[in-house]
Amino acid sequence: MDALSNEVWQGQRGRSPLPPIQKHKVTFRKIVEKVRESRKAWEQSKKLLEVAKTGVEQAIETASYLESAMPLLVRVTQLN
């Protein structure tokens, strides 16, 4: 460890800023919070993926419908 990180680790009075058990609790809480955030982001990404898939499917169906209807529309407009 370099001098600066050693000073930060040991605190200003030359000892650790938190007791060892307390440091582990703080670290564990941070890890738990990061896992929760990750899980929430993963769930949101799954929902967004479903929305995107549905949108693409609808666009394909619409394009297919328009493609199949186009010859009929051309014939109808030519009759008038």
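Residues numbered from 1 in each chain as written. Predicted model: local features only at pLDDT ≥ 70, side-chain atom pairs only at ≥ 80, totals over all residues. Heavy atoms only, no water.

Draft legend 1. View of the overall build of the protein. Across its full length, the protein holds two helices and zero strands. Expressed as a percentage of its 80 residues, the buried residues of the protein come to 2%. (Helix = DSSP H or I, 4+ residues; strand = E, 2+ residues; numbered from the N terminus. Buried < 20%, exposed > 50% of the residue type's maximum accessible area, 1.4 Å probe, protein only.)

Draft legend 2. Quick peek at the pattern of salt bridges. Scanning all chains against the criterion turns up three salt bridges. Across the pair arginine 39 and glutamate 43 runs a salt bridge whose closest N-O atoms are separated by 3.7 Å. Placement of the pair is arginine 39 and glutamate 43 together in helix α2 (residues 20-79), with a separation of four residues, close to one helical turn. The exposure class assigned to arginine 39 is partly exposed, which follows from its relative accessible area of 48%. Of the charged contacts in the structure, one is a salt bridge between lysine 53 and glutamate 50, with a shortest N-O distance of 3.2 Å. Of this pair, lysine 53 and glutamate 50 both sit in helix α2, three residues apart, roughly one helical turn. (Salt bridge = Lys/Arg side-chain N within 4 Å of Asp/Glu carboxyl O.)

Draft legend 3. Structural context of a nonpolar patch on the surface. Judged by side-chain polarity, Met70, Leu73 and Val74 come together as a nonpolar surface patch covering roughly 250 Å² of accessible area. Under the relative-accessibility criterion, methionine 70 is labelled partly exposed at 44%. (Patch = residues over 30% accessible without salt bridge, like charges linked within 9 Å, V, L, I, M, F, W, Y side chains within 5 Å. Areas by Shrake-Rupley, 256 points an atom, 1.4 Å probe, with all protein chains shown as cover.)

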